Amino acid sequence: MKLALIGFGQAGGKVVDEFLAFDERTGGGFVESAIAVNSATTDLKGLERVPERNRVLVGQARVKGHGVGADNELGAEIAEADIDEIQGAIDRIPVHEIDAFLVVAGMGGGTGSGGAPVLAKHLRRIYTQPVYGLGILPGTDEGGIYTLNAARSFRTFVDEVDNLLVFDNDAWRSAGESVAGGYDRINREIVERFGLLFAAGEIDQGDHVAESVVDSSEIINTLSGGGVSTIGYASETVETDDGLLSSLTGDDGFDEGAATNRLTSLVRKATLGRLTLPCDVASADRGLVVATGPPSRLNRKGVERGRQWLEDETGSMEIRGGDYPLPDRSEVGTIVLLSGVTDVPRIDQLQQVAIEAQETTEDVRAQADEAFTSLMDTGGELDALF
Ligand code: GDP
């Protein structure tokens, strides 16, 4: 499906940059336009692929290009004040050619955390295309302010988008990795999953005699109904037609039964393995199973069995399935999109810690005010200058 990507804040911009790299590398063709919005000049300069003219600096009057320093209320104010600047870049998008908007932001910071929900609200008011969010949750070790920001932004963002796709940094961090190195790897993981999903709805149907190619309307229908979504992915390397086996035997090594079993087992692995937002799969309201890889290794029976298994797992009658043939790959993979999930322990925990952080912040502020008053109190013995 064709998307207009808008990255808000540093994480948002970097992930959009990575989406562009993925789209270029794989010939996915799902990025129609890419825009980055930020209140920090250096973050915009650091981007590699978002075209210069699509980089929008907001809040210059307030923060002079220095960012909002994790103040997401200020981030939201700036986005509202400068919405016309952002609209200026959106005006250059051929909107009639896109299927949806995707607004990407890290939820723990300031610019994206506050600005992304403001932009989503604006887009939904103006355009008929769905507006999706891709929200990135902070690591639990990032501290109270990031947790509080994320919890408040999450609450707001969910209400302002047609569906919020979520990626939890906390579930994906590795021990012993530098922050920058970690983000580079994590951003590739994000883009591999969401990129494959969106590219799946963009296949040129004339290229192959595909049995049941996924269409963008199936992705849109799975996401419609709103709420929160998560993605699972699993893949396996396969012998391709020009592998050693076929050159020795003249047989391409294809076995229908093995292909079916491989696909059904990959659907299970994708669903029960690490999701972008870990959750109880049974709580999903809708789902979509997409099988990717060389066309000869995809078969309808495998997808159908995987789809049925997911129906049983979720108890949902709304599980869709289809193919995304990728002829030059030596891997078969499955993407599982779970939409409308409601049993998400990480969100409960995030909200709980945020409430505690909010209370602590209020207490600390009250104590500081009291302490300052007492510091300056001279019992009326000393006059101020004026
Ligand atoms: P903003 O520029 O004020 O919107 O804030 P940032 O985007 O820098 O940071 C917000 C949050 O996003 C941080 O708390 C991190 O959890 C996360 N983050 C920052 N950079 C990246 C990145 O490159 N990738 C990922 N996955 N998360 C990031």
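Please read all numbers here as calculations on a predicted model, not as lab measurements.

S.K.: Mind showing me how you'd approach the packing of helix H7 (residues 144-160) against helix H14 (residues 345-376) here?
M.R.: How two helices pack is summed up by the angle between their axes together with the distance between the axes. For the pair H7 and H14, interaxial distance at closest approach is 8 Å and the crossing angle is 120°. The orientation of H7 with respect to H14, classified from their angle, is oblique. The element H7 and its partner H14 pack so that their crossing is left-handed. Residues Gly144, Thr147, Leu148, Ala150, Ala151, Arg152 and Phe154 of H7 form the contact with H14, whose own contacting residues are Ile347, Leu350, Gln351, Val353, Ala354, Ala357 and Gln358.

S.K.: Would you take a moment to explain the site of the ligand for this structure?
M.R.: In the vicinity of the ligand, 18 residues are found, and the nearest of them are Gln10, Ala11, Gly112, Glu142 and Asn187. With respect to the ligand, the side chain of Lys14 contributes an N or O atom lying 2.8 Å from an oxygen atom. Contact distances for the ligand include 3.0 Å between an oxygen atom and a backbone N or O atom of Gly110. Listing elements by their share of the shell around the ligand, those giving two or more residues are helix H1 (9-26), helix H6 (111-126) and helix H9 (179-200).

S.K.: Explanation requested: the side chain of Ser113 in the structure shown.
M.R.: Note on placement: Ser113 falls in helix H6. A distance of 2.8 Å separates a polar side-chain atom of Ser113 from the backbone oxygen of Met107. If we ignore the near neighbours within four places in the chain, the residues touching Ser113 are Asn72, Gly106, Met107, Asn149 and Ser153.

S.K.: Teacher, can you tell me more about the domain arrangement of the chain here?
M.R.: When the parts of a complex come together, some accessible area is lost, and that lost area is often taken as the interface size. For the chain, the domain assignment lists domain 1 (3-200) and domain 2 (227-339). Here domain 1 and domain 2 have C-alpha centroids that lie 29 Å from each other. Summing both sides of the interface, domain 1 and domain 2 together bury roughly 1,800 Å²; the carbon and sulfur share of this comes to 65%. Across the contact surface, domain 1 and domain 2 share 9 residue pairs in polar contact (both at pLDDT 80 or more). Residue assignment for the side of domain 1 that touches domain 2 shows that the elements contributing at least two residues are H7, strand E6 (163-168), helix H8 (169-172) and H9. Ranked by residues supplied to the side of domain 1 that touches domain 2, first place goes to H9 with 7 residues. Of the residues that constitute the side of domain 1 that touches domain 2, the class distribution is 14 nonpolar, 3 polar and 3 charged.

Cut-offs applied
- Residues numbered from 1 in each chain as written.
- Predicted model: local features only at pLDDT ≥ 70, side-chain atom pairs only at ≥ 80, totals over all residues.
- Heavy atoms only, no water.
- Axes fitted to C-alpha atoms, helices over the stretch in contact; angles between N-to-C directions.
- Helix = DSSP H or I, 4+ residues; strand = E, 2+ residues; numbered from the N terminus.
- Parallel < 35°, antiparallel > 145°, perpendicular 65-115°, else oblique.
- Left-handed = near helix turned anticlockwise from the far one by under 90°.
- Contact = heavy atoms within 4.5 Å.
- Near = heavy atom within 4 Å.
- Polar contact = N/O pair within 3.5 Å; in protein donor to acceptor, adjacent residues only side chain to side chain.
- Domains from an automatic or database assignment.
- Buried area = accessible area lost by both parts, 1.4 Å probe.
- Nonpolar A, V, L, I, M, F, W, Y, C, P; charged D, E, K, R; others polar.

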